[in-house]
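Observations on chain architecture
These are the residues of each chain, in order.
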Amino acid sequence: MTVASLAMYPFTHLRSAYDSLWDCVRSQLTFAAPELDWDLDPEVACRRDDLLIAQTCGWPLVTDLERTVNVVGTFDCNVADAVDGTYRSVLVSRIDEPLADILRRPGMVVAANSADSLSGWISLQSIAAANDVRLDVVEWTGSHAASIEAVSESRADLASIDAVSWAHLGGRGLSVVGSGPRVPCLPLVTSRSSTVAVVGELRRAFAAAVCDPAVAEACASLKIRGFLDRTLADYEKLSALVQLR
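Here's a quick rundown of the structure. (Residues numbered from 1 in each chain as written. Predicted model: local features only at pLDDT ≥ 70, side-chain atom pairs only at ≥ 80, totals over all residues. Heavy atoms only, no water.)

Focus on the nonpolar core
Quick note on the threshold: What makes a nonpolar core is a set of buried Ala, Val, Leu, Ile, Met, Phe, Trp, Tyr and Cys residues whose side-chain atoms join them at distances within 4.5 Å. Only protein chains enter the area calculation, which uses a 1.4 Å probe; residues under 20% of their type maximum are buried, those over 50% are exposed, and those in between are partly exposed. The contact criterion used throughout is that any non-hydrogen atoms of two residues lie within 4.5 Å.
Leu-21, Trp-22, Phe-75, Tyr-87, Leu-158, Leu-202 and Phe-206 are the most contacted members of the largest nonpolar core, which totals 89 residues. Apart from residues no more than four positions distant in its own chain, Trp-22 is found in contact with Ala-4, Leu-6, Ala-33, Pro-34, Glu-35, Leu-36, Leu-52, Ile-53, Leu-202 and Phe-206.

Here we look at the packing of helix α1 (residues 15-26) against helix α8 (residues 196-209)
Keep this limit in mind: Angular values range over 0 to 180 degrees, each being the angle between N-to-C directions of two axes fitted as lines to C-alpha atoms, with helices fitted over their stretch in contact. What counts as a helix is a DSSP run of H or I of at least four residues, what counts as a strand is a run of E of at least two, and both are numbered from the N terminus. By definition in this entry, angles of less than 35 degrees are roughly parallel, angles greater than 145 are roughly antiparallel, angles of 65 to 115 are roughly perpendicular, and the rest are oblique. Should the near helix be turned anticlockwise from the far one by less than a right angle, the crossing is left-handed, and should it be turned clockwise, the crossing is right-handed.
Direction vectors running N to C along α1 and α8 enclose 125°, while the axes themselves pass 8 Å from each other. Taken together, the axes of α1 and α8 are oblique relative to one another. Like other packed secondary-structure pairs, α1 and α8 cross with a definite hand, here right-handed. Taking contact as the criterion, the partners of Leu-21, Trp-22, Cys-24 and Val-25 in α1 are, on α8, Leu-202, Ala-205, Phe-206 and Ala-209.

A look at α8
Condition: One less than the residue count of a helix, multiplied by 1.5 Å, gives the span that helix is expected to have.
End to end, α8 covers 20 Å across 14 residues, agreeing with the expected 20 Å (1.5 Å per residue, within 8%). Of the surrounding secondary structure, the elements contacted by the buried residues of α8 are α1, β2 (51-55), β3 (69-77), β11 (187-191) and β12 (224-229).

Digging into the sheet that holds strand β9 (residues 175-179)
Spelled out, the test is: What makes two strands pair is DSSP finding at least two bridges between them.
The sheet built from five strands is open, its strands ordered β7-β6-β8-β5-β9 with mixed pairing. Two strands bound the open sheet, and with one partner strand each, they are β7 (138-140) and β9. Recorded for the sheet is a direction-independent mean angle of 30° between the axes of neighbouring strands. Bridging between strand β6 (residues 110-112) and β7 involves three bridges; their strand directions are parallel. The residue bridging Ala-112 from the neighbouring strand is Trp-140, located in β7. Here helix α5 (residues 118-130) sits on the sheet and contacts β5 (90-93), β6, β7, β8 (158-161) and β9; the angle it forms with β8, its principal contact strand, is near 120°. Strand contacts of helix α6 (residues 144-152): β5, β6, β7 and β8, with the helix running at about 155° to β8, the strand carrying the most contacts.

Details of empty space enclosed by the protein
Threshold: Each cavity reported here is a set of points on a 1 Å grid over the protein atoms alone in which a 1.4 Å probe fits but cannot get out, each pocket an open set with protein on both sides within 12 Å along at least five of seven lines, and each lining residue one with an atom within 4 Å of a point. Grid points are joined across faces, edges and corners, and a volume is the space filled by probe spheres set on the points. Side-chain classes follow a simple rule in which Ala, Val, Leu, Ile, Met, Phe, Trp, Tyr, Cys and Pro form the nonpolar group, Asp, Glu, Lys and Arg form the charged group, and the remainder, Gly included, forms the polar group.
This structure, assessed with the given rule, holds one cavity of 30 Å³ or more. Approximately 70 Å³ is the volume found for the largest cavity. Around the largest cavity sit 13 residues that line it, and Tyr-9, Gln-55, Phe-75, Cys-77 and Val-164 are the ones nearest its centre. Of the residues forming the lining of the largest cavity, the biggest block, three residues, is contributed by β3. Split by residue class, the lining of the largest cavity holds 10 nonpolar, two polar and one charged.

Focus on the sheet that holds β3
One open sheet holds the five strands; their spatial order is β1-β2-β11-β3-β12, and the pairing between them is mixed. Strand pairing shows two members of the sheet lacking a second neighbour, β1 (3-4) and β12, which therefore form its edges. Here five bridges tie β3 to β11, and the two strands are oriented antiparallel to one another. Across the sheet, the residue bridging to Asn-70 is Thr-190, located in β11. Packed on one face of the sheet, α8 meets β2, β3, β11 and β12 and runs near 10° to β3.

A look at the packing of aromatic side chains
The line we're drawing: Aromatic pairs are defined between Phe, Tyr and Trp rings, using the six-membered ring for Trp, whenever the two ring centres lie within 6.5 Å; interplanar angles under 30 degrees are classed as stacked, those over 60 as edge-to-face, and all others as tilted.
A full pass over the atoms with the stated rule returns six aromatic pairs. Ring plane angle 70° and centroid distance 6.5 Å describe the contact between Phe-75 and Phe-227, whose orientation is recorded as edge-to-face. Highlighted residues: Phe-75 in strand β3 and Phe-227 in strand β12, separated in sequence by 152 residues. The exposure class assigned to Phe-75 is buried, which follows from its relative accessible area of 3%. Of the aromatic side chains, those joined through ring pairs into one cluster are Trp-22, Phe-75, Phe-206 and Phe-227.

A few points about the pattern of salt bridges
The following threshold applies: Salt bridge, as used here, is a side-chain nitrogen of Lys or Arg placed within 4 Å of a carboxyl oxygen of Asp or Glu.
Evaluation of the coordinates by the stated rule reveals 13 salt bridges. One salt bridge connects Arg-134 with Asp-136, and the closest N-O pair in it is separated by 3.4 Å. Relative accessible area serves as the criterion here: at 68%, Arg-134 is assigned to the exposed category. Accessibility expressed as a relative area gives 57% for Asp-136, which makes it exposed. One network of salt bridges, in which partners are shared, links Glu-139, Glu-149, Glu-153 and Arg-155.

So, in structure tokens, the structure goes:
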């Protein structure tokens, strides 16, 4: 396996911490593992037959990648309202009003990173459906950072942001007005061709690495406090969110 990517939170100031964590992981493997690739798009990485490890979004996992990858696990994230490897997206606005009122504002515009984003779009649609509201006007931004910017610059009224991204990016004067449904944190995946033995080694190595004092500072900066084994079955329940759309 020649591809390793942990680029779902591709903020430049975090790269050295991810490199340190991954170096600790691969030092415990019985086989050679590549360095992290920061140039390869994570979506492309997940479709490579030679993928050793990558992160992906939970929604593409259950709608597109289920026959392409094996799920290794997830990080237990040290962010607000995260519990046992699950978290909620953060709904943000520059308008200091109840979420139900914001959703019903005439001409309300939402910013969303992409149509296949669990935190940025699917979760937001489920909240809108629960409030009996249709999201008719959307500014597609391409990233959570750009969605925050769109709301901050008054080009949109509301956005749903991945909680880890929000913790790293800061508030920019925006108010947290709600949260999305509780969902599993981003899955770590390997190629479908990876053997059971490889999956097992990866799980053991990640579990040991996140507890290693040598990378404690790196994990703290990455908002990682643990690692949990996961399988595809732990994410399949996300498909029920489509019923709320």
